[in-house]
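Residue-level structure breakdown
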Amino acid sequence: MPDSEPIFLLLPSILSLILFFILIKRKQRRYNLPPGNMGWPFLGETIGYLRPYSATSVGEFMHQHISRQAFKFHPFFFLSLLEKQNLSLSFELNSTFFRYGNIYKSNLFGEKTIVSADAGLNKFILQNEGRLFECSYPRSIGGILGKWSMLVLVGDMHRDMRIISLNFLSNARLRTHLLREVEKHTLLVLNTWKEKCIFSAQDEAKKFTFNLMAKNIMSMDPGHPETEQLKKEYVTFMKGVVSAPLNLPGTAYRRALQSRSTILKFIEKKMEVRIRKMKEGKENLEEDDLLEWVLKHSNLSTEQILDLILSLLFAGHETSSVAITLAIYFLPGCPLAIQQLREEHLEIARAKNQSGETELNWDDYKKMEFTQCVINETLRLGNVVRFLHRKALKDVRYKGYDIPCGWKVLPVIAAVHLDPCLFDRPQLFNPWRWQQNNGSRGAGTTTSSASSSNYFMPFGGGPRLCAGTELAKLEMAVFIHHLVLNYQWELADTDEAFAFPFVDFPKGLPIRVFKS
């Protein structure tokens, strides 16, 4: 009997554990969670979710979770099932079902997650930012972009940072200053292109957007040694942002952290020079940039300013360059779109010649109506931002499903933009779907309905709508204007956009150009 005494001593602890698990189970049962698979312990389904795939699709992982699947029954079993259930033989053998549906549960990025490919839920999530849901990016993103980055901030601090960005990127500034800067930097890149020359369209687009942002954030001139050095560090930094967050010697993430430190020291030196000039009354009126604006009109700390500038350089450079590259990629497959673009921009150019003007103005930009259709379609089909990271702040019920407080929520924007129920033939590049006159002249397909346009969210939505939305559209429109007026191009090698999940061209999209 003495040997059995330890067992009796452990009984209260064992009973407590059993009771604990029963209570946990009961708590879980009260939630009506969407169907799904939590995957492997710790890893969940993250590896499958992040596996590269064509950017113009939702990927095999998402497809398997939400798409229709065919019944695969043995014929004799199927016939016996019909007899038992007294079902009509008209029931088709290829009938289909959803594996999980547009809303499902999973374990992603180390957290219990509700994944949404549902247009209504995605819009509901973004509209209830700060009330029911909150931005919640993986810790590694905050570690590399900084804790004061606009991407990871929430609440009042995010609002204050966003107001600063919106003031700097105001409509008035777009008209009077940034339009001129965008055109200048567009021509600096395009004028270097030689007849029948082959080069990376992605590299050229990145050169354009980086030089534009560096000039308007810190008054750095294109081609200057310090600009080129910053660009080099930034390339290393970007490779780490989109890599596995392994802070080990030799990894892309560790090198990115080192580049981040170098970039921040560079920005801080720029700040110190500006502050000294301001104190000495030696301000340079030509330095009409974000750094100057923040130093004069905000009470941000040095650390906050550094993270703000780094995050805007990241957001303003990377997403716009990818969008421009996607337009260059899609357009050769749609000659009618190129033809209509040329007609639109030739008309603008002729009007400018008659008036004796050379630079584009805001009225010219507003005339680029079909160009805006091309931009919308590029963003819809290419999906530069494919999904967002959110977290439920309260228990939420939607369409009969529960989203428990504290669970991660992933609104997948790309899945909505490629939904055939919302967009006719979604894999087809069809700019005419965005025309408001219900016509599809020259396209042969129907346009998007008003309801589907309501779910078009390439720049997010709600209180966290991208502050640089209008600048990004302006960059694309002006670049396309000068591109179609001065050049024709063809793909020089097979390449396509892949989602890693960030969108990238493995070969940089090599193109061959011909002067028009």
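Residues numbered from 1 in each chain as written. Predicted model: local features only at pLDDT ≥ 70, side-chain atom pairs only at ≥ 80, totals over all residues. Heavy atoms only, no water.

The condition is simple: UniProt positions are given in the numbering used here, feature names are shortened, and annotations may be inferred rather than shown by experiment.
The chain is annotated in an unreviewed UniProt entry as Cytochrome P450 from Gossypium raimondii. If you open the UniProt record of the chain and go to Subcellular location (unreviewed entry), you find "Membrane". Word for word, the UniProt comment on the chain under Cofactor (unreviewed entry) is "heme".

1. Notes on the overall build of the chain
As a reminder, the rule being used: A helix here means a DSSP run of H or I that spans at least four residues, while a strand means a run of E at least two residues long, and both kinds are numbered starting from the N terminus. Exposure is judged per residue with a 1.4 Å probe applied to protein chains only, and the accessible area is read against the type maximum: over 50% gives exposed, under 20% gives buried, and values in between give partly exposed. Between two residues, a contact is recorded if the distance between any of their heavy atoms is within 4.5 Å. For accessible areas, the Shrake-Rupley method is used with a probe of radius 1.4 Å. Any residue's cover is judged against the shown protein chains and nothing else.
Helices and strands together make up the secondary structure of the chain, namely 19 helices and 15 strands. In the chain, which comprises 516 residues, the share counted as buried stands at 48%. Taking all contacts inside the chain whose residues are at least 6 apart in sequence as the whole, residues at least 24 apart take part in 72%. About 26,200 Å² of surface is accessible on the chain, with carbon and sulfur atoms providing 56% of the total.

2. A closer look at empty space enclosed by the protein
Using the following cut-off: Here the term cavity refers to a set of points on a 1 Å grid, laid over the protein atoms alone, in which a 1.4 Å probe fits but cannot get out; the term pocket refers to an open set having protein on both sides within 12 Å along at least five of seven lines, with lining residues being those that place an atom within 4 Å of a point. Grid points are joined across faces, edges and corners, and a volume is the space filled by probe spheres set on the points. When residue character is reported, Ala, Val, Leu, Ile, Met, Phe, Trp, Tyr, Cys and Pro are called nonpolar, Asp, Glu, Lys and Arg charged, and the others, Gly included, polar.
Under the definition given, this model contains 3 cavities of 30 Å³ or more. When its volume is computed, the largest cavity comes out at roughly 80 Å³. If you trace the largest cavity, you find it lined by Tyr49, Tyr53, Val58, Phe61, Met62, Arg386, Phe387, Val412 and Ala414. Of the residues contributing to the lining of the largest cavity, the split by class is 8 nonpolar, no polar and 1 charged.

3. A word on the packing of aromatic side chains
To keep things clear, this is the line we draw: Side-chain rings of Phe, Tyr and Trp (the six-membered ring for Trp) are treated as a pair once their centres are within 6.5 Å; stacked means planes under 30 degrees apart, edge-to-face means over 60, and tilted covers the remaining angles.
Here the structure, examined in full by the defined rule, presents 21 aromatic pairs. Relative to Phe479, the ring of Phe208 has its centre 5.3 Å away and its plane inclined at 40°; by these criteria the two rings are tilted. Placement of Phe208 in helix α9 (residues 201-218) and of Phe479 in helix α19 (residues 469-486) is noted, with a sequence separation of 271 residues between them. As far as burial versus exposure is concerned, Phe208 and Phe479 are alike and both buried. For the ring pair Phe498 and Phe500, a centre distance of 6.2 Å and an interplane angle of 45° mean the geometry is tilted. We classify Phe498 as partly exposed; its relative accessible area is 24%. Phe500 sits in the partly exposed class, given a relative accessible area of 28%. Through pairs of rings, three or more aromatic residues link up here, namely Tyr49, Phe61, Phe109 and Phe387.

4. Some details on the environment of Phe266
In this structure, Phe266 sits in helix α11 (residues 252-280). Separated by 40 residues in sequence, Phe266 and Leu306 have C-alpha atoms that sit 9.8 Å apart. Filtering out sequence-adjacent residues up to four positions away, Phe266 remains in contact with Met218, Met220, Glu226 and Leu230.

5. Structural notes on helix α16 (residues 369-382)
Heads up, the condition is: Helices are assigned an expected span. That span is 1.5 Å times one less than the residue count.
Here α16 is 14 residues long and its end C-alpha atoms lie 20 Å apart, about the 20 Å a rise of 1.5 Å per residue gives. α16 sits mainly inside the fold: 12 of its 14 residues count as buried. Here the buried face of α16 lies against α13 (302-330), α14 (335-355), α17 (413-417), α19 and β14 (503-504). Immediately beyond the C-terminal end of α16, within one or two residues, lies Asn383, with a positive phi of roughly 50°.

6. A closer look at the packing of α9 against helix α10 (residues 225-241)
How we decide: A fitted line through C-alpha atoms serves as each axis, taken over the contacting stretch for helices, and the angle formed by two N-to-C directions is quoted from 0 to 180°. Should the near helix be turned anticlockwise from the far one by less than a right angle, the crossing is left-handed, and should it be turned clockwise, the crossing is right-handed.
As a packed pair, α9 and α10 sit with axes 11 Å apart at the nearest point and diverge in direction by 115°. The interaxial crossing formed by α9 with α10 has right-handed handedness. Residue-level contacts link Lys207, Phe210, Asn211 and Met218 of α9 to Thr227, Leu230, Lys231 and Tyr234 of α10. Among the residues making up the contact of α9 with α10, the classes are represented as 4 nonpolar, 2 polar and 2 charged.

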